[in-house]
Amino acid sequence: MAVVTYEMKNHVAYVMLNRPDVLNCFNYETLSVLQGIVDDIYSDREVRAVIFMGAGERAFSAGADLKERRTLSESEVRRNVKKIREVFSSVESLPQPTIAALNGFAFGGGFELALACDFRFAVEGTKMGLTETSLGIIPGAGGTQRLPRLIGTAKAMELVLTARKLSSVEAYDYGILNGVTTRENLLGTCEELAREICQNAPIAVQQAKFSVREGMNVDRHTGMAIESKAYEVTIPTEDRLEALDAFAEKRKPVFKGK
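The structure reproduced in this document is the subject of the present report.

Rules used throughout
Residues numbered from 1 in each chain as written. Predicted model: local features only at pLDDT ≥ 70, side-chain atom pairs only at ≥ 80, totals over all residues. Heavy atoms only, no water. Helix = DSSP H or I, 4+ residues; strand = E, 2+ residues; numbered from the N terminus. Rg over C-alpha atoms; globule rule 2.2 N^0.38 Å. Buried < 20%, exposed > 50% of the residue type's maximum accessible area, 1.4 Å probe, protein only. Contact = heavy atoms within 4.5 Å. Areas by Shrake-Rupley, 256 points an atom, 1.4 Å probe, with all protein chains shown as cover. Lys, Arg positive; Asp, Glu negative; His and termini not counted. Charge placed at Lys NZ, Arg CZ, Asp CG, Glu CD. Pairing = 2+ DSSP bridges. Axes fitted to C-alpha atoms, helices over the stretch in contact; angles between N-to-C directions. Salt bridge = Lys/Arg side-chain N within 4 Å of Asp/Glu carboxyl O. Polar contact = N/O pair within 3.5 Å; in protein donor to acceptor, adjacent residues only side chain to side chain. Parallel < 35°, antiparallel > 145°, perpendicular 65-115°, else oblique. Nonpolar A, V, L, I, M, F, W, Y, C, P; charged D, E, K, R; others polar.

## Structural notes on the overall build of the protein chain
Scanning the protein chain for helices and strands turns up 11 helices and 10 strands. Relative to the globule expectation of 18 Å for 258 residues, the C-alpha radius of gyration of the protein chain, 19 Å, shows essentially globular dimensions. A burial count over the protein chain gives 46% of its 258 residues as buried. Residue pairs in contact within the protein chain that sit at least 24 positions apart in sequence constitute 68% of those at least 6 positions apart. On the protein chain, roughly 13600 Å² of surface is accessible, and the fraction owed to carbon and sulfur atoms is 54%. With 32 positive and 34 negative side-chain charges, the protein chain shows a separation of 2 Å between the mean positions of the two kinds.

See the structure below:
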């Protein structure tokens, strides 16, 4: 059985962590397979949005596979931490918009994968958080950097240092989630957002994401330069001309990502 599954439908990529018997925890094999899938998506021009999911009904991912971790030497632990950090950085660097569908627990590395995505939706009644300090370690896959940028330093540090587990409603109130929904509607909610995104010009969507992401952590003057550079990429595209033609002809544009 594949530890991570992948399919693409209607320009949306579906990536599922597929170890439900161990709450979709990350062992080294899972991280390696996930890296390969993310690399493939990065260069696939047919993919316009990505949804990350967890198999089963209990967990999106409960983080690192602690059973495996107990068997590892210190050098192997360092290898795994380096790998998970690299994989999640690759997720964050995808040009396509990414959505995390939290169908259950999202702790430690599972929560950090969600933080590496652009959008997050969760089912009612689930729990999530950066719980690493309760295990004698710290978040090592970007959690200490991404969460403060999302909700502010003081609130993020409180959550990290206490290893607090948030309910989905609390996570929404913190500004971590884009929405909370029922289990039955979770995938549909994520797909609705993906469809809204996919109806727009792919190159423009990717450059808009690039401009927002890269501009977040620089001064406004530098951010304006990033935006200008991103805009320049859209000017010579066929999609820009198609949008103008469609407007003149009073029809919906047909974007091809060119």
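Resuming the write-up.
## A word on the sheet that holds strand β8 (residues 127–129)
Spatial ordering of the open sheet is given by β4-β6-β8-β9, a layout of four strands whose pairing is mixed. What marks the edges here is a single partner per strand, and that holds for β4 (59–61) and β9 (166–167). Where β8 lies against β9, two bridges are found, and the strand directions are antiparallel. Its bridge partner lying in β9, Lys127 is registered against Ser167. Here helix α4 (residues 109–116) sits on the sheet in contact with β4, β6 (105–107) and β8, set at roughly 90° to β6.

## A look at the pairing of strand β5 (residues 98–102)
With five of five residues buried, β5 is to be regarded as a mostly interior element. Alternating residues of β5 divide into Thr98, Ala100 and Leu102 and Ile99 and Ala101, and every residue in both groups is buried. Where β5 and strand β7 (residues 119–123) come together, four bridges link them in parallel fashion. Looking at β7, one finds that Ala100 is bridged to Arg120.

## Focus on the side chain of Glu68
Positionally, Glu68 belongs in helix α2 (residues 66–70). Buried and without a salt bridge, Glu68 has Arg79 as its closest oppositely charged side chain, separated by 5.1 Å. In this structure the side chain of Glu68 is engaged in a polar contact, spanning 3.1 Å, whose partner is the side chain of Asn80. If we skip the residues at most four places from it in the chain, Glu68 touches Phe26, Asn27, Tyr28 and Asn80.

## Regarding the sheet that holds β5
Spatial ordering of the open sheet is given by β1-β2-β3-β5-β7-β10, a layout of six strands whose pairing is mixed. The open sheet has two free edges, formed respectively by β1 (4–9) and β10 (179–181), since each of these has just one partner strand. Each neighbouring strand pair of the sheet contributes to a mean axis angle of 20°, computed without reference to strand direction. In this fold α4 packs onto β2 (12–17), β5 and β7, with an angle of close to 145° to the strand it touches most, β5.

## Focus on the environment of Cys25
Within the secondary structure, Cys25 is located in the loop between β2 and α1 (28–42). Expressed as a C-alpha distance, the spacing of Cys25 and Tyr14, which sit 11 residues apart in the sequence, is 18 Å. Once residues lying within four places of it in the same chain are set aside, the contact partners of Cys25 are Arg19, Thr30, Ser61, Ala62, Gly63, Ala64 and Asp65.

## Some words on the environment of Ala122
Structurally, Ala122 can be placed in strand β7. Distance from Ala122 to Asn80, taken between C-alpha atoms, is 27 Å for residues 42 residues apart in sequence.

## Notes on the packing of helix α9 (residues 202–215) against helix α10 (residues 220–234)
Between α9 and α10, the shortest axis-to-axis distance is 9 Å and the interhelical angle comes to 170°. By the criterion of interaxial angle, the relationship of α9 to α10 is roughly antiparallel. Together, Ile203, Ala204, Gln207, Phe210, Ser211, Glu214 and Gly215 of α9 and Gly223, Ile226, Glu227, Ala230, Val233 and Thr234 of α10 make up the contact between the two elements. In terms of residue class, the contact of α9 with α10 is made up of six nonpolar, five polar and two charged.

## Some words on the pattern of salt bridges
In total, this model carries 10 salt bridges according to the counting rule given. For Arg146, the salt bridge goes to Glu92, with nearest N and O atoms at 3.0 Å. Here Arg146, found in helix α5 (residues 143–151), pairs with Glu92, found in helix α3 (residues 74–92); they are 54 residues apart in sequence, far enough to count as distant. In this structure, the salt-bridge partner of Arg164 is Glu158, at a minimum N-O distance of 2.8 Å. The exposure class of Glu158 is partly exposed, given its relative accessible area of 36%. What emerges from the salt-bridge pattern is a single network uniting Glu92, Asp118, Arg146, Lys209 and Arg213.

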